[in-house]
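# Structure assessment
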Amino acid sequence: MQTHIPVLAKEVLNGLNLSSGDTILDATLGLGGHATLILNEVGKTGRLIGFDKDVRNLEIAQKALSGFDNVTYVHDSFGNIEQRELQHIDSALFDLGISSPHVDDPSRGFSFRNEGPLDMRYDQTQDLTAETIVNSWSQEELEDLFRIYGEEPRAREIAKTITHARRKNRILTTAALASLVEGVVRRSGRLHPATRIFQALRMEVNDELGEIERGIPAVVNLLKSGGRIAVISFHSLEDRLVKQLFKTNSALNIITKKVIQASFEEKRSNPRARSAKLRVAEKQ
């Protein structure tokens with residue numbers, strides 16, 4: 001397994017403006033990369049509350065953070081933070097990117113690189129899967145999904161191809177879906193033809209934009225005056241939504257007037273950083 005490298009690490013720490021003894025919310029704990037850096041900053045008198053929808057991510061993070069005894073692990077989505085009755089926090093971090101174990105494990109169904117089931121659930125206790133959407137949604141619903149969440153120019157043709165193909169056989173695997181998309185969209189450059197389709201399905205299965213819409217305002221309510229919220233996004237739909245939520249929340253002062261992106265050196269050493277965008281705001 002490759003070493004996990006948290007993106008924009010220095011920029012995140014600067015943006016959060018941490019102090020010893022702070023209580024920090026890591027809304028997307030993942031593999032614990034950013035959490036390790038944060039815990040080193042807040043010290044033994046500080047505290048970190050880590051949320052993650054994926055039980056396996058929490059298990060990996062617990063091992064990575066085993067040297068710290070001031071971490072609370074929560075198996076839940078940050079979209080449900082309002083229901084958790086948390087106390088006030090000093091700062092919060094959202095790293096909205098998909099974690100590497102999801103992509104690397106074919107059985108999770110997030111990637112077309114290796115054949116696996118059409119799953120795509122972060123939380124495997126939920127019912128909705130990508131297979132359900134691909135095989136039961138109407139052609140019009142699939143077209144809207146691919147066009148809006150995938151920003152796919154050929155959404156109509158892909159949706160039509162999928163609905164035609166599933167009449168003969170249910171579409172069950174990532175490879176089968178990717179093959180159907182490749183039959184419509186020719187490969188151009190480095191981007192695989194199915195990339196946007198898989199993105200759209202993943203976002204719908206996990207209600208990614210809905211969770212951002214619920215989670216960020218809930219966290220802002222928990223922030224103490226002067227507390228910071230930092231959000232790393234990885235595609236334009238997320239970034240636009242975060243920018244809007246920051247701009248329209250009267251309790252926030254925007255710190256990053258211009259979005260922060262990774263340096264050339266970081267992009268070269270960590271490909272995941274290429275599309276990362278960081279926005280930071282402070283509660284009045």
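Residues numbered from 1 in each chain as written. Predicted model: local features only at pLDDT ≥ 70, side-chain atom pairs only at ≥ 80, totals over all residues. Heavy atoms only, no water.

### Overview of the overall build of the protein chain
Keep this limit in mind: The way it works is that DSSP assigns letters per residue, a run of H or I at least four long becomes a helix, a run of E at least two long becomes a strand, and they are numbered from the N terminus. Throughout, radius of gyration means the C-alpha value; the globule benchmark is 2.2 Å times the number of residues raised to the power 0.38. Type-normalised accessible area, obtained with a 1.4 Å probe on protein chains alone, sets the label of each residue: buried when under 20%, exposed when over 50%, and partly exposed for intermediate values. Between two residues, a contact is recorded if the distance between any of their heavy atoms is within 4.5 Å. Values of accessible area rely on a 1.4 Å probe in the Shrake-Rupley scheme; residue burial ignores everything except the protein chains shown.
Along its length, the protein chain carries 12 helices and 8 strands. Scaling as 2.2 N^0.38, a compact globule of 284 residues should have a C-alpha radius of gyration of about 19 Å, and the protein chain matches this with 19 Å. Taken over the C-alpha atoms alone, the protein chain extends approximately 60 × 40 × 40 Å along its principal axes. Burial statistics for the protein chain: of 284 residues in total, 51% are counted as buried. Pairs at least 24 apart in sequence give 70% of the contacts found in the protein chain among residues at least 6 apart. Put simply, the protein chain shows about 13,900 Å² of open surface, and 46% of that area lies on carbon and sulfur atoms.

### Notes on the side chain of Glu 211
Stated formally: By the criterion applied in these results, polar contacts are pairs of N or O atoms within 3.5 Å in which, for protein atoms, one can donate a hydrogen and the other can accept it, and in which residues neighboring in sequence qualify only through two side-chain atoms.
Within the secondary structure layout, Glu 211 lies in helix α10 (residues 208–222). We classify Glu 211 as buried; its relative accessible area is 10%. Engagement of the side chain of Glu 211 in a polar contact is seen with the side chain of Ser 77, the distance being 2.6 Å. In this structure, Glu 211 is in contact with Lys 53, Ser 77, Phe 78, Gly 79 and Asn 206, ignoring residues within four places of it in sequence.

### Things to note about the packing of aromatic side chains
Heads up, the condition is: Pairing of aromatic side chains here covers Phe, Tyr and the six-membered ring of Trp, requires ring centres within 6.5 Å, and sorts the geometry by plane angle: under 30 degrees stacked, over 60 edge-to-face, intermediate tilted.
Summed over all chains, the structure comprises 3 aromatic pairs. An angle of 20° between the planes, with centres 5.4 Å apart, marks the rings of Phe 110 and Tyr 122 as stacked. Pair noted here: Phe 110 is in the loop between α4 (100–104) and α5 (130–136) and Tyr 122 is in the loop between α4 and α5, with a separation of 12 residues, a long-range link. By relative accessible area, which is 8% here, Phe 110 ends up buried. Overall, the relative accessible area of 12% leaves Tyr 122 in the buried class. Their ring planes at 90° and their centres at 5.1 Å tell us that Phe 112 and Phe 198 sit as a pair that is edge-to-face.

### With respect to helix α1 (residues 9–16)
Our working rule: Along the arc lie the directions from the helix axis toward the C-beta atoms.
For α1, the full list of buried residues reads Val 12, Leu 13, Gly 15 and Leu 16. Considered in projection along α1, the buried side chains sweep an arc of 165° and stay on one side of the axis. Summarising the geometry of α1, the exposed residues directed more than 90 degrees from the buried face are Lys 10 and Asn 14. Looking at the buried positions of α1, the neighbouring elements they touch are α2 (33–42), β4 (89–95), β5 (223–233) and β8 (277–283). Among the residues trailing α1, Asn 17 stands out with phi positive, at a value near 55°.

### What about the environment of Asn 40?
For Asn 40, the position within the fold is in helix α2. Considering only alpha carbons, one finds Asn 40 and Ser 20, 20 residues apart in sequence, at a separation of 9.0 Å.

### Things to note about the pattern of salt bridges
The following threshold applies: Any Lys or Arg side-chain nitrogen located within 4 Å of an Asp or Glu carboxyl oxygen qualifies as a salt bridge.
Counting across every chain of the model gives 18 salt bridges. Between Arg 202 and Glu 208 there is a salt bridge, with its nearest N and O atoms 2.8 Å apart. Given a relative accessible area of 13%, Arg 202 falls into the buried group. Glu 282 serves as the salt-bridge partner of Arg 228, at 2.7 Å between the closest nitrogen and oxygen. Remark: Glu 282 occurs in strand β8 and Arg 228 occurs in strand β5; sequence separation between them is 54 residues. For Arg 228, a relative accessible area of 13% gives the class buried.

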